[in-house]
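This is what each chain is made of:
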Amino acid sequence: MFPKYDVIVVGAGHAGCEAAHAAAKMGSSVLLCTMNMNTIAQMSCNPAMGGVAKGQIVREIDALGGMSGIISDKSMIQFRMLNRSKGPAMWSPRSQNDRMRFAEEWRLALEETPKVDFWQEMITGLLIKDKRVMGVKTGIGIEIAAETVVLTNGTFLNGIIHIGEKQFGGGRTGESASKGITEELVSAGFEAGRMKTGTPPRVDGRSLDYSKMEIQYGDENPEKFSYSEKTKPLTEQRTCWITYTNKEVHETLETGFDRSPMFNGRIQGLGPRYCPSIEDKINRFAERERHQIFVEPEGWNTVEIYVNGFSTSLPEDVQYKAIRKIAGFENAKMFRPGYAIEYDYFPPTQLKPTLETQLVENLYFAGQINGTTGYEEAASQGLVAGINASLKVQEKEPFLLKRSDAYIGVLIDDLINKGTEEPYRMFTSRAEFRLLLRQDNADIRLTELGYQIGLADEKRLQNVRYKKEQTARLINDLKQKKLEPDQINKGLEKIQTAPIKEKITIEKLLKRPQITLEVIKTLDVELGNYLDQYQADQLEQAEIQIKYESYIEKEQQMVEKLSNMENYKIPQRFDYLAIPALSAEGKQKLHKIRPETLGQASRISGVSPADLSILTVYLGR
């Protein structure tokens, strides 16, 4: 009935979609298995992509040739660049999306991708022989053979939904949980754990009073995620709103605490630290009189509203009473209550940097199965797992991203070396080289790599090379061109910055905090005409590289120092237990994680500098 596939992807969420698309585009035959064809790429929680550090990840996926950026652009209803008041390392793109169109665009993209087949059924087990995966087993007993398998099960593995004292099996509201895979993996020697996440109620937008809320517009000149020419920035946007909880809301919520699965011990898994439920917020931060609520439309034409900031698993009657005491929600009609979901995950220290498991060859994990939270984190892992599964079939070198290459590299390195006991979320603070890993230069950093592995197309590569050439030419000109005092001093006085007393290059002037290329355009007509010949992204690149030149150079020097350790390979079968001088914890962690390089070993929690020195000596021998 089925041919033998190069790659079988189990689960069609954000990770599964990226994995299937990447592997197929690289030439592998792919079977994408999902329990429901109608929920491919479902935005299970908020209808948005990007945000702080997450926006950088979407740009990186796009630069490599993945689809999340293009799909986000095609389904976008609002765009905002967050943290514009801070330095460029912190700028983070975020879109509000049409939930239905997002899923539709992903499904259409996959159906248009040659070599992707689909199968709708629960996968209940794996075919494993001699510690090597051979395929999958379905709920009705079909066995499908494959060279590699990528598991992207999301919250479905033995998922339990909690609403107050009620609990029932499910991977998402209205959808059944997936059973069988966890038990099989545990019997094969894998360590498993439980995690928890949640979602807020959805309400009828027609029942809200927006006059009592603060309006939140999109950017005046919206950008987009994708570097490709397949998408365009929005010309029209939907607005969002902000409102707040109050003392009455908190008191009403507290009446349900005795029936809360979070507080009475029914939920065992740890929830996301940086996206807590509303009951957790008012319990942990009892001194705060209010909490911010973002009121987000679910699409262009729907009246459904996502109540961001009100995630809860309290009884539905308590949710209903409490939400109606929020300003603007006095007459709110609820479409469905919020809930918590508990599910199985596998500590990611059991993975290689390729996201292949250490215990079973050719088996890859991506997404929430690895303990992460968020669409963007999942999509990036799916992309890397799909790429490496395809490369493994083709018997090519694996695709690895270092911490200095991408936020995706930071994410994977953190997971496999440090593990996580709570849902992992990406932040800019996790990246030590964040000035190099900006959202604006993801194409410069990664498109060539994407092209080399057969994912990014030649047109993208040409565009990046042109951008780099034009940026270099502009920077060189700005270093050469000089401005006279009488040419610009009147303009400098207007913006309250010190006048110049002698000729100065534009480059030196641009290093002033108050000066931008947009300001320089206004100082001299001829100069403005010259700068107008460059594209906006080229001007932005030149300005950032000039303004932050010394800081960028320092980070690059740090990268070069660390690269020696990254290049020092450790034999796969190296016997750490045979080194008596290693500390007990260092020996245990090194034996378990089996780092591939000395650099990776240095980042493992519990491996001390002394352990590293001893290991270096033994490797030298």
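The present account deals with the structure reproduced in this document. (Residues numbered from 1 in each chain as written. Predicted model: local features only at pLDDT ≥ 70, side-chain atom pairs only at ≥ 80, totals over all residues. Heavy atoms only, no water.)

This brings us to the overall build of the protein. The number of helices and strands found in the protein is 21 helices and 22 strands. A compact globule built from 621 residues would reach a C-alpha radius of gyration of about 25 Å, and the protein, at 26 Å, matches this within 12%. Referenced to the eigenvectors of the C-alpha coordinate spread, the extents of the protein come out at roughly 80 × 75 × 50 Å. Residue burial in the protein is summarised as follows: out of 621 residues, 57% are buried. A separation threshold of at least 6 residues defines the contact pool for the protein, and within that pool the share at least 24 residues apart is 72%. Split by element, the accessible area of the protein, about 26,700 Å² in all, is 49% carbon and sulfur. (Helix = DSSP H or I, 4+ residues; strand = E, 2+ residues; numbered from the N terminus. Rg over C-alpha atoms; globule rule 2.2 N^0.38 Å. Buried < 20%, exposed > 50% of the residue type's maximum accessible area, 1.4 Å probe, protein only. Contact = heavy atoms within 4.5 Å. Areas by Shrake-Rupley, 256 points an atom, 1.4 Å probe, with all protein chains shown as cover.)

This part takes up the sheet that holds strand 15 (residues 240-244). Spatially, six strands are ordered 14-15-16-17-13-18 in an open sheet, and the strand pairing comes out antiparallel. The open sheet has two free edges, formed respectively by strand 14 (214-216) and strand 18 (334-336), since each of these has just one partner strand. Strand-to-strand twist of the sheet, defined as the mean angle between neighbouring strand axes without regard to direction, takes the value 35°. Where strand 13 (residues 202-204) meets strand 17 (residues 304-308), three bridges bridge the pair, whose relative direction is antiparallel. Bridging from a neighbouring strand, Arg 202 pairs with Tyr 306 of strand 17. (Pairing = 2+ DSSP bridges. Axes fitted to C-alpha atoms, helices over the stretch in contact; angles between N-to-C directions.)

Another aspect to go through is the pattern of salt bridges. In total, this model carries 40 salt bridges according to the counting rule given. The salt bridge involving Glu 377 is made with Lys 54; its shortest N-O contact spans 2.9 Å. Note that Glu 377 is positioned in helix 9 (residues 375-393) and Lys 54 in helix 2 (residues 54-64), a separation of 323 residues in sequence. Lys 54 matches Glu 377 in its accessibility class, with the two residues each being buried. Across the salt bridge formed by Arg 59 and Glu 223, the nearest N and O atoms sit 3.9 Å from each other. Here Glu 223 lies in the loop between strand 14 and strand 15 and Arg 59 lies in helix 2, a separation of 164 residues in the sequence. The class for Glu 223 is partly exposed, based on a relative accessible area of 24%. One salt-bridge network, in which partners are shared between bridges, spans Arg 403, Asp 413, Asp 414, Lys 418, Glu 432 and Arg 603. (Salt bridge = Lys/Arg side-chain N within 4 Å of Asp/Glu carboxyl O.)

The subject of this paragraph is the nonpolar core. With 94 residues, the main nonpolar core has Ile 8, Val 149, Leu 151 and Leu 363 as its most contacted residues. Here this core takes nine residues from helix 9, the largest share from any one element. Excluding anything up to four places from it in sequence, Leu 363 contacts Leu 126, Val 133, Val 149, Leu 151, Leu 185, Phe 190, Leu 355, Glu 356 and Thr 357. Ile 488, Leu 509, Leu 523 and Tyr 534 belong to the second-largest nonpolar core, a separate cluster that totals 23 residues. (Core = buried A, V, L, I, M, F, W, Y, C linked by side-chain atoms within 4.5 Å.)

Looking now at the pairing of strand 7 (residues 123-129). In this sheet, strand 8 (residues 132-138) lies alongside strand 7 in antiparallel orientation, the contact comprising six bridges. Bridged to Leu 127 within strand 8 is Gly 135. Between the antiparallel neighbours strand 7 and strand 8 lie two residues, among them Asp 130 with a positive phi of about 50°.

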